[in-house]
Amino acid sequence: MELVIQNLSKTYAGGVKALDNISMTIPTGMFGLLGPNGAGKSTLMRTLATLQNADSGSAVLGDLDILNQKTKVREILGYLPQEFGVYPRTSATTLLTHLATLKGVGENASQRREIVSGLLQRVNLYEVRSKAVATYSGGMRQRFGIAQALLGDPKLLIVDEPTAGLDPGERNRFYNLLSEVGESVVVILSTHIVEDVKELCTNMSIIHRGRLLFAGSPSQAETSLAGRIWAKSMSKDELKKCQQEMDVISNKLIEGRPMVRVYSDSRPGEGFSPIDPNLEDIFFYQIKRNSNVA
Ligand code: ADP
């Protein structure tokens, strides 16, 4: 099964073009939608989750027309929004059972009990199932969010910026959980964190200002810049000069000294070494290019 998006566009009242003729194909497995804040990720996620309408274009999953068969889409959809909203003072078991009832999952109360406890085990919250969700840490809440999104065995799972605010340990646990789920369904993970995509996703795209800038695998992304990224550690004064004269993709302080990465077909200057491009390079490179386009 694959999700085929064609020529999707959305302009908000006020004139912001949040989706500008986006086309891409998303196969089964983990797909990373990478873009900085304001790129249009949530607009795309919310459109696919049937929560808002596009102006034009189509999105088809198997033989399901996502934009026009909303009720059917909701039956096969799991959605973890960016803001999951208010966390009540009820236990995980009670809340998940309530959500299962609302979604029509399970034929009777005892079947629902089984499904709920199975899901809580799967997201590793079974031990704390009787505690109020309001007392959970950020990582536990996100895992609870995945449990509710998995109710009803969705074929399409959409998770919008799920790792923002998680500490490294929580992020790892969350990665492991998502990668297990991603084996059998279409999972779309939107994020501005390059590492999320690198660690988890077999396919990805980069969007910025509503435009699709890259689609492919993370390793294809990296090889697309092979031989054209150069690095040099330099003083802050030298950095200023370099920024005026060269195509600087990024600079990071390493032990207090700027490490500058430059895009160039050949060695851009004295002291630069060729380096293997990473996903962050292509992300910054594409965004810089697109920022210069009207
Ligand atoms: P992302 O999820 O990548 O941060 P969004 O889809 O939230 O991006 O936003 C894309 C652009 O659309 C931004 O410029 C944002 O300000 C604008 N935008 C988002 N929602 C609305 C809205 N309801 N009304 C007007 N503009 C919006």
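This structure is a prediction, so every number in the text was calculated from the model and none was measured.

1. Things to note about the sheet that holds strand E2 (residues 17–27)
Taken in spatial order, the four strands of this open sheet run E2-E1-E4-E5, and their pairing is antiparallel. Both edges of this open sheet fall to E2 and strand E5 (64–65), since each of them pairs with a single strand only. Inspection of the sheet shows strand E1 (residues 2–11) paired to strand E4 (residues 56–61) by five bridges, in the antiparallel sense. In the sheet register, Leu3 faces E4, and the bridge partner there is Leu61. Sheet contacts for helix H1 (residues 41–48): E1, E2 and E4; angle to E1, the most-contacted strand, approximately 120°.

2. Quick look at the sheet that holds strand E13 (residues 257–263)
Taken in spatial order, the four strands line up as E12-E13-E11-E14 in an open sheet, and their pairing is antiparallel. The outermost strands of the open sheet, each flanked by one partner alone, are strand E12 (248–254) and strand E14 (273–274). Across five bridges, the pairing between strand E11 (residues 229–233) and E13 is antiparallel. Among the inter-strand pairings, Ser233 is bridged to a residue of E13, identified as Met259.

3. A closer look at the side chain of Arg143
With respect to the helices and strands, the residue Arg143 is situated in helix H5 (residues 138–149). A polar atom in the side chain of Arg143 sits 3.2 Å from the backbone oxygen of Val123. Setting aside residues up to four positions removed in sequence, Arg143 forms contacts with Val123, Asn124, Leu125, Arg173, Phe174 and Leu177.

4. Considering the nonpolar core
Counting residues in hydrophobic clusters, the biggest one holds 53 residues, and the most contacted among them are Ile146 and Leu178. Ile5, Ile22, Leu44 and Tyr79 belong to the second-largest nonpolar core, a separate cluster that totals 27 residues.

5. Notes on the pairing of strand E10 (residues 211–216)
Relative to E10, strand E9 (residues 203–208) is paired through five bridges, and the arrangement is antiparallel. Counted as the bridge partner of Ser205 is Ala215 from E10. Between E9 and E10, which pair antiparallel in sequence order, lie two residues; one of them, Arg209, sits at a positive phi of approximately 50°.

6. Things to note about the site of the ligand
Close to the ligand lie Tyr12, Val16, Ala18, Pro36, Asn37, Gly38, Ala39, Gly40, Lys41, Ser42 and Thr43, which account for all nearby residues. For the ligand, the protein covers 60% of the area, taking 570 Å² as the surface of the free molecule. For the shell around the ligand, the element with the highest residue contribution is H1, accounting for three residues. For the shell around the ligand, the class distribution of residues is five nonpolar, five polar and one charged.

7. Remarks on the pattern of salt bridges
This model, assessed by the stated rule, comprises 11 salt bridges. With its nearest N and O atoms 3.5 Å apart, the salt bridge here joins Asp20 to Arg211. Remark: Arg211 occurs in strand E10 and Asp20 occurs in strand E2; sequence separation between them is 191 residues. Exposure remark for Arg211: the relative accessible area of 22% places this residue in the partly exposed category. With its nearest N and O atoms 2.8 Å apart, the salt bridge here joins Asp281 to Arg261.

8. Brief notes about the packing of aromatic side chains
The full count for this structure, using the stated rule, is two aromatic pairs. Where Phe283 meets Phe284, the ring centres are 5.8 Å apart and the plane angle is 40°; that geometry is what we call tilted. Judged by its relative accessible area of 5%, Phe283 falls in the buried class. According to the relative accessible area criterion, Phe284 is partly exposed, its value standing at 32%. Residue placement shows Arg289 over the ring face of Tyr263; its charged tip is 5.1 Å from the ring centre.

Thresholds applied
Residues numbered from 1 in each chain as written. Predicted model: local features only at pLDDT ≥ 70, side-chain atom pairs only at ≥ 80, totals over all residues. Heavy atoms only, no water. Pairing = 2+ DSSP bridges. Helix = DSSP H or I, 4+ residues; strand = E, 2+ residues; numbered from the N terminus. Contact = heavy atoms within 4.5 Å. Axes fitted to C-alpha atoms, helices over the stretch in contact; angles between N-to-C directions. Polar contact = N/O pair within 3.5 Å; in protein donor to acceptor, adjacent residues only side chain to side chain. Core = buried A, V, L, I, M, F, W, Y, C linked by side-chain atoms within 4.5 Å. Buried < 20%, exposed > 50% of the residue type's maximum accessible area, 1.4 Å probe, protein only. Near = heavy atom within 4 Å. Areas by Shrake-Rupley, 256 points an atom, 1.4 Å probe, with all protein chains shown as cover. Nonpolar A, V, L, I, M, F, W, Y, C, P; charged D, E, K, R; others polar. Salt bridge = Lys/Arg side-chain N within 4 Å of Asp/Glu carboxyl O. Phe/Tyr/Trp six-rings, centres within 6.5 Å; stacked < 30°, edge-to-face > 60°. Lys NZ or Arg CZ within 6 Å of the ring centre and 35° of its normal.

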